[in-house]
Amino acid sequence: LREKFALLAKLIEEDLEVSVEFINGDNSYWTPTPLDEVEELGIKGIIDIGDDQTDFQKIVSLVHEVGHALFSSSSNIKNHKRILLFEESLAWYLGYNYALQVGVEIDLKEYADCVERALKLYAKELK
Ligand SMILES: [Zn+2]
């Protein structure tokens, strides 16, 4: 799993001009580079992965955040709270597809469990 993570992170950094970094804690984030700074910094954004997660969770987080990266490079539909569930679902979907395309296979059953749990959490937060 650790090798899978390293491979996927490397491909993401090369393909998408994104930097993958580790942070403390168990949360992971996608932070897009402000548009007017993309040229200067040479990256489109940063994916922070909480290092206090299991190897499988790290891969799942990376896949999800890359979904956000793919989505945000092609759309500005976000920035609306009601779009959140849609964006999150899409990130799970796009990220999984991306991983598959570059040859990194993730157990679909386990992945689907993570997605279901996460979507329930977002839905609760929105109430
Ligand atoms: Zn997300």
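For the structure itself, consult the block above.
Below, the structure is looked at part by part. (Residues numbered from 1 in each chain as written. Predicted model: local features only at pLDDT ≥ 70, side-chain atom pairs only at ≥ 80, totals over all residues. Heavy atoms only, no water.)

1. Side note on the coordination of the zinc ion
The coordination sphere of the zinc ion contains the protein donors His64 (NE2), His68 (NE2) and Glu88 (OE), at a distance range of 1.9 to 2.1 Å. Motif for the zinc ion, donor spacing along one chain: H-x3-H-x19-E. In this pair, His64 is assigned in helix 3 (residues 55-74) and Glu88 in helix 4 (residues 84-101), connecting sequence segments 24 residues apart. (Donors = N, O, S within 2.8 Å, 3.2 Å for Na, K, Ca; no water. Helix = DSSP H or I, 4+ residues; strand = E, 2+ residues; numbered from the N terminus.)

2. Points about the layout of surface pockets
In this approach a probe as big as a water molecule rolls over the atoms, and the regions it shows empty are the leftover space. Here the largest pocket is characterised by a volume of approximately 730 Å³. Lining the largest pocket are 21 residues, and of these Asn27, Ser61, Trp92, Ala118 and Tyr122 sit closest to its centre. Its residues assigned to classes, the lining of the largest pocket comprises nine nonpolar, seven polar and five charged. (1 Å grid on protein atoms, 1.4 Å probe; cavity = no way out; pocket = protein on both sides within 12 Å on 5 of 7 lines; lining within 4 Å. Points joined across faces, edges and corners; volume = space filled by probe spheres on them. Nonpolar A, V, L, I, M, F, W, Y, C, P; charged D, E, K, R; others polar.)

3. A short note on the sheet that holds strand 2 (residues 29-32)
Within the open sheet, the three strands sit side by side as 1-3-2. Their pairing is mixed. A single partner strand is all that each edge strand has here, and the edge strands are strand 1 (18-23) and strand 2. In this sheet, neighbouring strand axes are inclined to one another by 20° on average, regardless of whether the strands run parallel or antiparallel. Relative to strand 3 (residues 45-50), strand 2 runs antiparallel, the two sharing four bridges. When the sheet's bridge partners are listed, Pro32 is paired in strand 3 with Gly45. Across the face of the sheet, helix 1 (residues 2-16) comes into contact with strand 1 and strand 3 while running at roughly 140° to strand 1. (Pairing = 2+ DSSP bridges. Axes fitted to C-alpha atoms, helices over the stretch in contact; angles between N-to-C directions. Contact = heavy atoms within 4.5 Å.)

4. With respect to helix 1
With 15 residues, helix 1 ought to run about 21 Å at 1.5 Å a step, and its terminal C-alpha atoms sit 21 Å apart, in line with that. Residues of helix 1 that are buried include every one of Phe5, Leu8, Ala9, Leu11, Ile12 and Leu16, and no others. Each buried residue of helix 1 sits inside an arc of 165° when the element is viewed along its axis, so together they form one side. What points out from helix 1, more than 90 degrees from its buried face, is the exposed set Arg2, Glu3 and Glu14. In the stretch just after helix 1, Glu17 is the one whose phi turns positive, near 55°. (Expected span 1.5 Å × (residues − 1). Buried < 20%, exposed > 50% of the residue type's maximum accessible area, 1.4 Å probe, protein only. Arc of directions from axis to C-beta.)

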